[in-house]
Amino acid sequence: MGSVQTTVEQLQEDRVRLRVEVPKDDLRHAVDHAASDLARSVKVPGFRKGKVPLPVLVSRLGKERVLSEAVESHIGGWFVSAPEKACIRPVSRPEYEYELPESAEGPFRFTATVAVQPPVEVADWTQLEVPATAVEVSQEMVEAELDRLRRAVAQLAPVGRPVQEGDVVVLDLVSASGEARRDVVVEVGAGRMVEELEEALLGMAPGETKVVEHELADGETATVEVTVREVKERVLPPLDDELAKAASEYDTLADLRADIERALHAQLEEEAEAEFRAAAVDALAEASRATPSPALVEARANDLLVGLLRSLERRGISVQTYLAVTGRTPEELRDQLREQARRSLARELVLEAVADRLEIRVTDEELRAFLREQAEESGERDPDGFVERYLGQPEAESLREDLRLRKALDRVAAEVRQISPELAHARAKLWTPGKEKGPGDPKLWTPGQEERR
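Residues numbered from 1 in each chain as written. Predicted model: local features only at pLDDT ≥ 70, side-chain atom pairs only at ≥ 80, totals over all residues. Heavy atoms only, no water.

## Here's the deal with the overall build of the chain
- When helices and strands are tallied, the chain shows 14 helices and eleven strands.
- Across the 453 residues of the chain, 32% fall into the buried class.
- Sequence-distant contacts, at least 24 apart, represent 65% of the contacts inside the chain between residues at least 6 apart.
- On the chain, roughly 27800 Å² of surface is accessible, and the fraction owed to carbon and sulfur atoms is 49%. (Helix = DSSP H or I, 4+ residues; strand = E, 2+ residues; numbered from the N terminus. Buried < 20%, exposed > 50% of the residue type's maximum accessible area, 1.4 Å probe, protein only. Contact = heavy atoms within 4.5 Å. Areas by Shrake-Rupley, 256 points an atom, 1.4 Å probe, with all protein chains shown as cover.)

Take a look at the structure:
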């Protein structure tokens with residue numbers, strides 16, 4: 001299929017008129033599709049439903065009927081791709097104007113007038129102060145990692161005492177209906193069982209049986225008979241060179257400690273960088289007063305909800321169970337998704353404005369390099385073939401735009417003024433004249449505002 005060609009005419013009050021040209025191959029596909037749909041609903045003597053040839057169908061219904069069906073059933077899809085190429089965000093239903101084509105052997109042209117999201121007047125990000133966390137790896141963090149490593153290689157020794165938190169127990173579980181699960185191995189306190197059962201196990205002796213009542217996800221209650229068969233405790237190995245040899249590629253505990261510290265530092269740096277970049281774009285969105293249209297927010301929230309429902313379905317989790325586990329009402333979930341949608345849209349709007357101001361572009365070579373890198377990291381056997389296949393799909397241009405916004409964020413994150421979280425907290429508590437003004441009012445000067453990073 002071809003690609004629709006679009007030109008944009010700016011009208012008053014944040015409205016635009018798109019002039020769209022649909023390639024003849026796309027129009028021919030639409031006509032074939034419409035004819036197939038009509039053939040299934042039209043009775044023509046001598047032909048089975050759905051098997052009516054196009055010339056016969058046209059002679060029966062008329063050329064205008066077939067072309068009208070083709071245009072009306074496909075113009076929405078053609079319109080959707082047109083704003084993407086024109087880099088605008090419609091916030092209302094389009095008003096179409098067109099004349100039916102004479103045939104399917106040429107391009108089809110139409111105009112669509114629509115209200116759009118107003119562009120953002122991006123603020124000077126070089127004047128923004130954004131808190132950046134300094135990464136430090138404490139000895140407590142290293143010791144915690146070593147402790148997890150010791151627990152992973154620890155031996156389990158049977159004990160004759162009652163169950164304590166952290167013990168590994170072997171259980172028999174019998175439901176009220178008689179369904180039994182034997183020799184179930186669990187760690188007490190790991191959060192793998194319902195809370196009522198975790199509490200009931202504490203203090204039980206080997207061979208002891210209890211009937212435990214617990215609440216189900218739907219609010220009803222059920223009972224289960226639990227019998228403790230064995231109680232085992234972990235015997236942690238000494239923290240020495242032998243542990244390093246047994247649990248890692250290192251020969252000494254010192255080398256293992258150093259490796260754990262390096263890994264923690266890299267992980268914390270990555271997390272801190274992600275938090276800083278998010279804080280930088282959020283601060284710029286606020287300073288630029290990036291306010292997404294309610295229609296865009298609602299549409300994005302709907303997309304997020306659909307994605308969540310599909311994810312739950314794949315995991316076999318009902319919506320009711322999800323709400324019960326997260327402790328939210330449907331209204332609270334909806335509000336959360338709206339806020340998530342509002343924030344993501346505000347970020348996109350302000351980064352688009354940055355990219356436009358800086359005239360940032362993503363070349364074909366950059367797009368190919370990114371795709372090849374992703375293919376190689378995922379173990380693709382034919383990275384070049386993968387790149388060529390992907391570039392032929394509509395998603396390629398969406399990826400190009402994502403990379404363009406990532407470049408814009410790189411620039412913003414590099415040029416905002418980094419300050420410590422402590423200074424940011426102190427600044428937030430300072431009173432300045434006009435602080436009672438609304439969040440959309442310009443920020444006044446405060447001491448240290450000219451401080452450079």
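## Quick word on the pairing of strand β7 (residues 168–175)
- Buried residues dominate β7, accounting for seven of its eight residues.
- Judged from the six bridges that link them, β7 and strand β8 (residues 180–187) form a sheet pairing that is antiparallel. Its bridge partner being in β8, V174 is matched across the sheet by A180.
- Connecting β7 to the antiparallel partner β8 that follows it, the hairpin turn spans four residues, and G178 within it adopts a positive phi of roughly 100 degrees. (Pairing = 2+ DSSP bridges.)

## Remarks on the side chain of E198
- Note that E198 resides in helix α5 (residues 195–201).
- Buried charged residue E198 carries no salt bridge. Nearest counter-charge: R192, at 8.2 Å. (Lys, Arg positive; Asp, Glu negative; His and termini not counted. Salt bridge = Lys/Arg side-chain N within 4 Å of Asp/Glu carboxyl O.)

## Comments concerning the packing of aromatic side chains
- Here the structure, examined in full by the defined rule, presents six aromatic pairs.
- For the pair Y96 and F110, a centre-to-centre distance of 5.9 Å together with 75 degrees between the ring planes defines the contact as edge-to-face. With Y96 in strand β3 (residues 95–98) and F110 in strand β4 (residues 108–115), this residue pair connects regions lying 14 residues apart in the sequence.
- Here Y96 falls in the partly exposed class, since its relative accessible area comes to 30%.
- The interplanar angle of 75 degrees and the centroid separation of 5.7 Å between the aromatic rings of Y98 and F108 together place this pair among those described as edge-to-face. Residue Y98 is located in strand β3, and its partner F108 is located in strand β4; the two are separated by ten residues in the primary sequence.
- Here Y98 falls in the partly exposed class, since its relative accessible area comes to 33%.
- These aromatic residues form a ring-pair network of at least three members: W78, F79, Y96, Y98, F108 and F110. (Phe/Tyr/Trp six-rings, centres within 6.5 Å; stacked < 30°, edge-to-face > 60°.)

## Topic: the packing of helix α7 (residues 253–287) against helix α10 (residues 330–357)
- Look at α7 against α10: their axes get within 9 Å of each other, and the N-to-C directions meet at 80 degrees. Between α7 and α10, the interaxial angle falls into the category roughly perpendicular. Across the interface between the two elements, A278, V281, D282, L284 and A285 from α7 touch R343, A346, R347, V350, L351 and V354 from α10.
- Residue composition of the contact of α7 with α10, grouped by class: eight nonpolar, no polar and three charged. (Axes fitted to C-alpha atoms, helices over the stretch in contact; angles between N-to-C directions. Parallel < 35°, antiparallel > 145°, perpendicular 65-115°, else oblique. Nonpolar A, V, L, I, M, F, W, Y, C, P; charged D, E, K, R; others polar.)

## Observations concerning the sheet that holds β3
- Ordered in space as β1-β2-β4-β3, the four strands form an open sheet in which the pairing is antiparallel. Across the chains shown, the open sheet's two edge strands, defined by having one partner strand only, are β1 (5–10) and β3. Taking the axes of each pair of neighbouring strands and ignoring which way they run, one obtains an average angle of 20 degrees across the sheet.
- Pairing of β1 with strand β2 (residues 15–22), which is carried by six bridges, proceeds in the antiparallel orientation. Note that in β2 the partner of V8 across the bridge is L18.

## Overview of helix α11 (residues 364–377)
- With 14 residues, α11 should reach 20 Å at 1.5 Å per residue; the first-to-last C-alpha distance of 20 Å fits that figure.
- Buried residues of α11: L367, F370, L371 and A375, and no others. Buried residues of α11, seen end-on, are gathered within an arc of 135 degrees and therefore sit on one face of the element. The outward face of α11, more than 90 degrees from its buried face, is lined by the exposed residues E365, E376 and E377.
- Packing partners of the buried residues in α11 comprise α12 (383–391) and α13 (395–415).
- Once α11 finishes, G379 follows within two positions and takes phi at roughly 85 degrees, a positive value. (Expected span 1.5 Å × (residues − 1). Arc of directions from axis to C-beta.)

## Details of the packing of α10 against α13
- Contact pair α10 / α13: the axes reach a minimum separation of 9 Å and the direction vectors enclose 80 degrees. Here α10 lies roughly perpendicular to α13, going by the angle between them. Contact residues: α10 offers E348, L351, E352, V354, A355 and D356, while α13 offers E401, R404, L405, A408, L409 and V412.
- Of the residues that constitute the contact of α10 with α13, the class distribution is seven nonpolar, no polar and five charged.

## Looking at the pattern of salt bridges
- By the definition in use, this model includes 35 salt bridges.
- Salt-bridge contacts for R89 lead to E348; the nearest nitrogen and oxygen are separated by 2.9 Å. Of the two residues, R89 is situated in the loop between α3 (63–86) and β3 and E348 in helix α10; the sequence distance between them amounts to 259 residues.
- Under the relative-accessibility criterion, R89 is labelled buried at 18%.

## Things to note about the nonpolar core
- Among the nonpolar cores identified, the biggest contains 27 residues, and W125, L284, V350 and V416 are the most heavily contacted of them.
- Where this core is concerned, the elements lending two or more residues are α7, α10 and α13.
- Top contributing element to this core by residue count: α10, with seven residues.
- With near-sequence residues (within four places) excluded, L284 lies in contact with V122, A123, W125, L128, V350, V354 and V412. (Core = buried A, V, L, I, M, F, W, Y, C linked by side-chain atoms within 4.5 Å.)

## Details of the environment of I260
- Locating I260 in the fold gives a position in helix α7.
- Under the relative-accessibility criterion, I260 is labelled buried at 12%.
- Sequence spacing of I260 and V137 is 123 residues, and the spatial spacing of their C-alpha atoms is 9.9 Å.
- Setting aside its immediate chain neighbours within four residues, I260 contacts V142, E145 and L146.

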